[in-house]
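Here is how the chains run, residue by residue.
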Number of protein chains: 2
Amino acid sequence: MPQDHLTQTFSALADPTRRAILARLITGEATVTELSKPFEMSMPAISKHLKVLERAGLIARSREAQYRPCRLEAKPLKEVSAWVEEYRQIWEHRLDRLDAYLQVLKKKEQRNARSKKKPR
Amino acid sequence: MPQDHLTQTFSALADPTRRAILARLITGEATVTELSKPFEMSMPAISKHLKVLERAGLIARSREAQYRPCRLEAKPLKEVSAWVEEYRQIWEHRLDRLDAYLQVLKKKEQRNARSKKKPR
DNA sequence: TTTATATTTAACCGTCAGGTTATTTAAACA
DNA sequence: TGTTTAAATAACCTGACGGTTAAATATAAA
């Protein structure tokens with residue numbers, strides 16, 4: 001079933017083996033066998049992890065003879081970055097100038113919104 | 001068993017319901033009942049989601065009478081942000097000045113690392 | 001054409017995540 | 001005290017996830 005991008009990306013990143021694979025790929029392309037070396041895990045297991053990363057768009061693969069070299073793709077991380085940064089900024093601002101404003105909003109809601117007036 | 005922070009945070013964020021809860025919490029504290037309103041889901045389900053978010057450190061909870069208001073916590077997102085940004089920078093730089101250097105690294109590895117010489 | 005190498009697919013298994021309903025706990029209120 | 005409200009816990013179900021081994025596929029090499 002069609003999962004949204006963010007969910008797919010976050011899920012893909014929520015596994016230490018997959019993050020380690022990405023870390024390894026920073027130094028350049030690698031084949032499946034090369035990637036499997038550091039892990040005490042069967043090839044099919046690695047193959048599955050790679051498929052997850054590929055579906056999430058975090059890696060791309062080509063074909064060279066029998067090999068299927070993998071390389072990193074940055075696009076999905078931009079989406080993640082944007083999401084995270086939005087929250088970070090809000091949180092940081094909450095601590096100073098936006099704090100008062102949000103407090104007001106909160107109080108208003110808690111008083112079970114009797115008035116239907118909206119700001120502007 | 002003890003999961004590393006990043007795995008825990010990414011897992012927590014890899015669910016649209018939980019991200020929606022976080023989005024709702026941007027506007028201020030909310031009780032469990034309030035949070036459950038927008039979702040066609042039982043209270044225990046929401047309760048579980050909140051526990052996941054709490055374990056990941058993304059929310060904190062207090063006690064007011066029977067209520068257990070939730071509020072956002074930013075700390076774990078800093079870790080995520082740092083991780084993502086590291087990769088983004090590498091990728092972005094790969095496209096220009098670092099590209100050549102990484103190509104060299106890659107080639108050297110592929111020639112099964114006969115020489116043990118390291119750059120500086 | 002056979003054989004070897006790299007990788008994927010198939011079939012299976014145990015665990016855990018995300019949901020349910022029913023029950024319990026905690027505090028407020030009548 | 002007994003009742004209502006807020007939330008958590010228990011017990012359960014189902015499906016997906018992460019792993020396995022064995023078989024299939026694709027290409028290179030002998």
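Refer to the structure presented above.
Keep in mind that this is a model prediction, so the values were computed, not measured.

Engineer: How should I be thinking about the overall build of chain A in this particular structure?
Structural biologist: Per the secondary structure count, chain A includes 6 helices and 2 strands. Listed by position from the N terminus, the elements making up chain A come as α-α-α-α-β-β-α-α. Counting all 120 residues of chain A, 38% fall into the buried class. Excluding contacts between residues fewer than 6 apart, the proportion of contacts in chain A whose partners are at least 24 apart in sequence is 49%. For chain A, the exposed area adds up to about 7700 Å²; of that, 53% sits on carbon and sulfur atoms.

Engineer: How do you make sense of the relation of the copies chain A and chain B when you look at a structure like this?
Structural biologist: Both copies of the chain are related through a single rotation about an axis accompanied by a shift along the same axis. Superposition record for chain A on chain B: RMSD 0.0 Å, screw rotation 180 degrees, translation along axis 0.0 Å. One copy is carried onto the other by what is essentially a two-fold rotation axis. In terms of C-alpha distance to the rotation axis, chain A has A:Phe10 as its closest residue, with the C-alpha 2.7 Å off the axis.

Engineer: For this particular structure, what's the right way to read the packing of helix α2 (residues 16–25) of chain B against helix α4 (residues 43–55) of chain B?
Structural biologist: Each pair of packed helices can be summarised by the angle the axes make with each other and by the distance between the axes. All names here are of chain B. Here α2 crosses α4 at 75 degrees, and the two axes come no closer than 10 Å. In terms of orientation, α2 lies roughly perpendicular with respect to α4. For the pair formed by α2 and α4, the contact residues are Thr17, Arg18, Ile21 and Leu22 on the first element and His49, Leu50, Val52 and Leu53 on the second.

Criteria and thresholds
- Residues numbered from 1 in each chain as written.
- Chains lettered and ligands numbered in written order.
- Predicted model: local features only at pLDDT ≥ 70, side-chain atom pairs only at ≥ 80, totals over all residues.
- Heavy atoms only, no water.
- Helix = DSSP H or I, 4+ residues; strand = E, 2+ residues; numbered from the N terminus.
- Buried < 20%, exposed > 50% of the residue type's maximum accessible area, 1.4 Å probe, protein only.
- Contact = heavy atoms within 4.5 Å.
- Areas by Shrake-Rupley, 256 points an atom, 1.4 Å probe, with all protein chains shown as cover.
- Least-squares fit on C-alpha atoms with pLDDT ≥ 70 in both.
- Axes fitted to C-alpha atoms, helices over the stretch in contact; angles between N-to-C directions.
- Parallel < 35°, antiparallel > 145°, perpendicular 65-115°, else oblique.

Function-wise, these values are silent; they only describe arrangement.
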